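Each chain, written out:
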Amino acid sequence: MIKNYVKIAFRNLWRHRSFSLINIIGLAIGMTACFLIFMYVKFELSYDNFNQNSDEIYRVVSDIKTPTETLHWPSSIAPIGPALQQDYPEIKANTRIFGTGFLVQYGDSKFQENNMQFAEPSLFKMFTFPVIKGDVNKAFQAPFTVIMTETAAKKYFGSADAVGKSLILDSKNPASVVAVIKDVPANSHFKFDMLVSLSTLEKQNPGRLNQWGNFGNYTYIMLSKGYDYHKLQARMPAFVNKHYSANDKKQGMDYDYFLEPLKDVYMVSKRGAPESGNLYNVRIFSIIAVFILLIACINFINLTTARATERAKEVGIRKVIGAVRQQLTIQFLSESVIICLIAFVFSGLFSFLLLSLFNQLSGKVISHSIFSNGYLFQLFIIACFIGITAGLYPALVLSGFKPVTILKGRFSKSTKGILLRKGLVIVQFAISIILIIGTVIVYDQLNYMRNQPLGFQKNQMLSIDFSGDSAVQSRSELIKNELKKIPNVLSATTSGALPGLGNSVAYSEIQNNTGVMQQMNMNMYDVDYDYIPQYEMKVAAGRIFSKAFGTDTTQAIVINESAARSLGYKTPADAVGRNFSQWGRQGKIIGVLKDFHFQSLQETVKPLNMRINARGTNVFTLKIAAKSIPATITAIQNKWKMLVPERPFNYVFIDESFNKQYVSEVTFGNLFLYFAVLAIFISCLGLLGLASYSTIQRTREIGIRKVLGASVSGIVNMLSKEFLVLVLISSLIAFPVAWLCMHYWLQDFAYRIDISWWVFVVAGVLALIIAFTTVSFQAIKAALTNPVKSLRSE
């Protein structure tokens, strides 16, 4: 019986190969898109799951409070991990990591390594980082010991054994490689190429690990299996009161600590991390995957039920000779599953060919192969599920025909069936229009962020990183003057931060509008005299730093408008001349800058101050002319090798580095676009099939109309009108849904576009054009057919 079902299925597929091809292509493309999205979503949700103890690990995060604000930080203080474990026996282990960077040298090889962490041996008790060779416990406790990943070891030592080799850190400190571990998995929320022993930090900065007010590290704890972390969370206020005295709280500052499950750090936490995801975007892609599959299934249902009349006589004869409905249902379901399995084969091939491109589009190595992690088997299950669910309704419809009615020739099209097909077409194009609107809004927002005035000059700015090297800092003026002598270098400056690349946050006390010294955690830039003029930042009140005022290096700061507002001043001028105290400095505010976007446009402009401090700088920024840029860069590099031979020439352009903040949004937009195009293409395939079938069914009518004098345009209009009305209805349904979804998406951006009416008009018109082009292809073909041939066949 099964053999018979398969034989009949292939016979029907071949007899109606054009419709079968449409079904198979639509399903194959739909399954491919769904499968790739499924891999992406599964990867995003898998962050940190590779750790064997992931269910017991928690990150300790902090809230830092002043009378006017609360900072929600992902980091904590160095002593908190050991103190927590000492106070609470349910904590089995704790570990700390501090981001760092070193100039690393081995022989003639020299690299500025910024993807490094200070860490301690307990890291390997909590996290699953497999050791290839060496000792990650006892040996790693000693100062100036290093653990390298496999890739980093090959970078420095090739195929030679790295363990026991010696590196030079920052041109002066010998460090021994004590172990090599496997590369950190791509789905880890923090990554590193090298680890340096935490005791190294203590040796370089004695007392650093015991400071209760320095928030510069990430702390993780591991609880006993099955222990409810909420119980420990409830005891954190008592812990804070025990370890912080009134004096420690720094005149009005207060602290709260919270526990975040490791599995929530990447995707759920709003505090940020070395790497973080976007749960809303993941949900959107999941919905898109379902939509694309739904569109492909709708095509299958529509084309199968539309061809029901052609198979009605077959059903009638089978029932007369003894077939029961259950057998017929199984037969039609078998055909459906066979079509889906054929589509599965093509989908597997498409996925194999497109995986590398998809990895590039997503900006991550989602997977190296569709054969890993059981992905292909999961795709097979999806195909079988689609075959059964998409084929169930047509199978029930076809198997339910009454043989007496059919064989007497009284069978007619079901009004319910026609309404269902129209409804499904409406659903298809509503989804497509929603995706069109979403794509336009996403790209409009990205374009807005890229072109929004930032309040500073970022074009033609080249920055050179010297990582705060004190030897370079001491010669910064000399180096600047020499670099400015290079043709096409217009100016030069040094600073401790660049817009879009992070900055220090300093506890500050600044006189507010009532005369009280207000406590603030303020963003801070260490700069030189040339920084503000070179970046063309605008002054709102007062003045900027000047060499004419000797006290500017020790007793002056410049703040931005946001800082002035947070201090209660109605105008920027009111803040000028007010007192401040910050990190051992006291003095006055000498000027107020107009707000500029030193962070992503996803965030509002926050209070910021600048101060002159050569010892806090770590980058040079050169303003270069727009002409002969490659030659200018080469000249700068050659000069750098002469002036600073001990450091590599690592440079970036400010506009490029600033726009890197939007990498995840650009990736989201690109993926959204491609999957929207696929959804529209699959919808058009279904529409083409229905239009083709409708044209075949009306062959005689078209022939008669042509004989009676109907024009080609009239026939095209007649055949197209029905489908275009459905698209118009789809638009009316899609518009409010799309507005609601994209309005919610835009809430993540502090600076965002308003959703304009023209977006909906464009999407609706585009959908109509696509639908008309698809339908008119068959309509024009039918209208140009010789009526004699169509009537002769009747």
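Scroll up for the structure.
Residues numbered from 1 in each chain as written. Predicted model: local features only at pLDDT ≥ 70, side-chain atom pairs only at ≥ 80, totals over all residues. Heavy atoms only, no water.

Colleague: Can you break down the pattern of salt bridges residue by residue, with the values?
Modeller: Applying the stated criterion across every chain, the model contains 22 salt bridges. Residue Asp55 pairs with Lys263 through a salt bridge whose shortest N-O separation is 2.7 Å. With Asp55 in the loop between helix 2 (17–45) and strand 1 (57–66) and Lys263 in helix 9 (residues 262–265), this residue pair connects regions lying 208 residues apart in the sequence. Between Asp256 and Lys65 there is a salt bridge, and its shortest N-O distance comes to 2.7 Å. Placement of the pair is Asp256 in strand 11 (residues 254–261) and Lys65 in strand 1, with a sequence separation of 191 residues. Ionic contacts of the salt-bridge type, sharing partners, join the residues Glu477, Lys480, Asp528 and Asp530 into one network. (Salt bridge = Lys/Arg side-chain N within 4 Å of Asp/Glu carboxyl O. Helix = DSSP H or I, 4+ residues; strand = E, 2+ residues; numbered from the N terminus.)

Colleague: Tell me what's going on with empty space enclosed by the protein, and back it up with residues and numbers.
Modeller: Across all of its chains, the model carries three cavities of 30 Å³ or more by this definition. The volume enclosed by the second largest cavity comes to roughly 40 Å³. Around the second largest cavity sit Asn278, Asn281, Gln602, Glu665, Trp745, Asp748 and Phe749, which together line it. Of the residues that constitute the lining of the second largest cavity, the class distribution is two nonpolar, three polar and two charged. (1 Å grid on protein atoms, 1.4 Å probe; cavity = no way out; pocket = protein on both sides within 12 Å on 5 of 7 lines; lining within 4 Å. Points joined across faces, edges and corners; volume = space filled by probe spheres on them. Nonpolar A, V, L, I, M, F, W, Y, C, P; charged D, E, K, R; others polar.)

Colleague: So what about the nonpolar core? Which residues, and what values?
Modeller: Counting residues in each nonpolar core, the largest one holds 112 residues, and the members touching the most others are Phe545 and Met610. Residues contacting Met610, with those up to four places away along its chain left out, are Tyr525, Val527, Tyr531, Ile532, Met537, Phe545, Ala556, Ile557, Val558, Leu593 and Phe596. Within the second largest apolar cluster, 25 residues are counted, among which are Ile80, Phe239, Tyr255 and Leu259. (Core = buried A, V, L, I, M, F, W, Y, C linked by side-chain atoms within 4.5 Å. Buried < 20%, exposed > 50% of the residue type's maximum accessible area, 1.4 Å probe, protein only. Contact = heavy atoms within 4.5 Å.)

Colleague: I'd like a description of the pairing of strand 9 (residues 194–197), backed by residues and values.
Modeller: Both faces of strand 9 are covered, namely the face carrying Met194 and Val196 and the face carrying Leu195 and Ser197. The pairing of strand 6 (residues 145–149) with strand 9 spans three bridges and is classified as antiparallel. Within strand 9, the position partnered with Met148 by the bridge is Met194. (Pairing = 2+ DSSP bridges.)

Colleague: Please give an account of the environment of Met610 that cites residues and values.
Modeller: Structurally, Met610 can be placed in strand 20 (residues 608–612). Of the residues examined, Met610 reaches a relative accessible area of 1% and is grouped as buried. Separated by 51 residues in the primary sequence, Met610 and Ile559 have C-alpha atoms spaced 6.4 Å apart.

Colleague: Summarise the pairing of strand 15 (residues 517–527); cite the residues concerned and give the values.
Modeller: With ten of eleven residues buried, strand 15 is to be regarded as a mostly interior element. Counted along the chain from strand 14 (residues 504–511) to the antiparallel partner strand 15, the turn is five residues long, and its residue Gly515 has a positive phi close to 90 degrees. Pairing of strand 15 with strand 20, which is carried by five bridges, proceeds in the parallel orientation. When the bridges of strand 20 are listed, Met524 appears paired with Asn609.

Colleague: Before we move on, could you go through helix 8 (residues 236–243) and cite the residues and values that matter?
Modeller: Of the residues making up helix 8, those classed as buried are Met236, Phe239 and Val240. For helix 8, the angular spread of buried residues about the axis comes to 100 degrees, placing them on one side. Along helix 8, the residues that are exposed and aim more than 90 degrees away from the buried face are Asn241 and Lys242. Those residues of helix 8 hidden inside the fold are in contact with helix 3 (80–87), helix 7 (229–234) and strand 11. (Arc of directions from axis to C-beta.)

Colleague: How would you summarise helix 3 if you had to cite specific residues and measurements?
Modeller: Taken together, the buried positions of helix 3 are occupied by Ile80, Gly81, Ala83 and Leu84. All buried residues of helix 3 fall inside an arc of 165 degrees around its axis, so they share one side. Structurally, helix 3 contributes buried residues whose contacts are with strand 1, strand 3 (91–106), strand 10 (218–223), helix 8 and strand 11.

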